[in-house]
Amino acid sequence: MDKHEGPDAGTIRLDDPWYDALAVGWGEGEGEDPPPPRPAAGGRGAPGASDIYLEVQRSAAFQEVRSRYRGFVVPATAGFLLWYVAYVVAATMAPGLMARPVVGAVNVALLAGLGQFLSTFLLTWAYARHARLRRDRAALDLRWTVFEQERGQERRRSRGAGR
């Protein structure tokens, strides 16, 4: 999509090579209705994708991943917001402290402002490291579990439609 100016700026151009490209599996078999779910042995409909996701959501592995996520994000967010509010409050309530020179023209306010940027980068690095070491493998296992269950469900559907 090329950038262009004028009254229609920001609209999708029809010569966009990705405009009509479909994601894998999307739009395949157009015009065909999916086969209706057949009742299982107990008279209940075959489990759908929502049942798979609900089962995974209730699993201990998913709860562990969510717990690890919250265990990092909640304290990190609280700490960062506290640090940010402390900077704003100090800048408004203690201008004398913030104007105190440290080295040459560099004062406390400038160092604290640069500290905000530095703490943002450090927090991003810590989050990525925490995710890589504590959550990614378990989340990937859950993703594969869902994928395999959906694939098995798809196979059962296709076998049922072939009868």
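Residues numbered from 1 in each chain as written. Predicted model: local features only at pLDDT ≥ 70, side-chain atom pairs only at ≥ 80, totals over all residues. Heavy atoms only, no water.

Caption draft 1: The arrangement of the nonpolar core in detail. Among the nonpolar cores identified, the biggest contains five residues, and these are I52, V56, V65, L142 and V146. Those elements giving two or more residues to this core turn out to be α1 (49-58) and α4 (108-161). Once you skip the residues sitting within four places of it in the chain, V146 turns out to touch I52, Y53 and V56. (Core = buried A, V, L, I, M, F, W, Y, C linked by side-chain atoms within 4.5 Å. Buried < 20%, exposed > 50% of the residue type's maximum accessible area, 1.4 Å probe, protein only. Helix = DSSP H or I, 4+ residues; strand = E, 2+ residues; numbered from the N terminus. Contact = heavy atoms within 4.5 Å.)

Caption draft 2: Broad picture of the pattern of salt bridges. All told, the structure shown has three salt bridges when counted by the stated rule. The shortest N-O distance in the salt bridge between E64 and R68 comes to 2.9 Å. Of this pair, E64 and R68 both sit in helix α2 (residues 60-93), four residues apart, which is roughly one turn of that helix. Under the relative-accessibility criterion, E64 is labelled partly exposed at 38%. Of the residues examined, R68 reaches a relative accessible area of 34% and is grouped as partly exposed. (Salt bridge = Lys/Arg side-chain N within 4 Å of Asp/Glu carboxyl O.)

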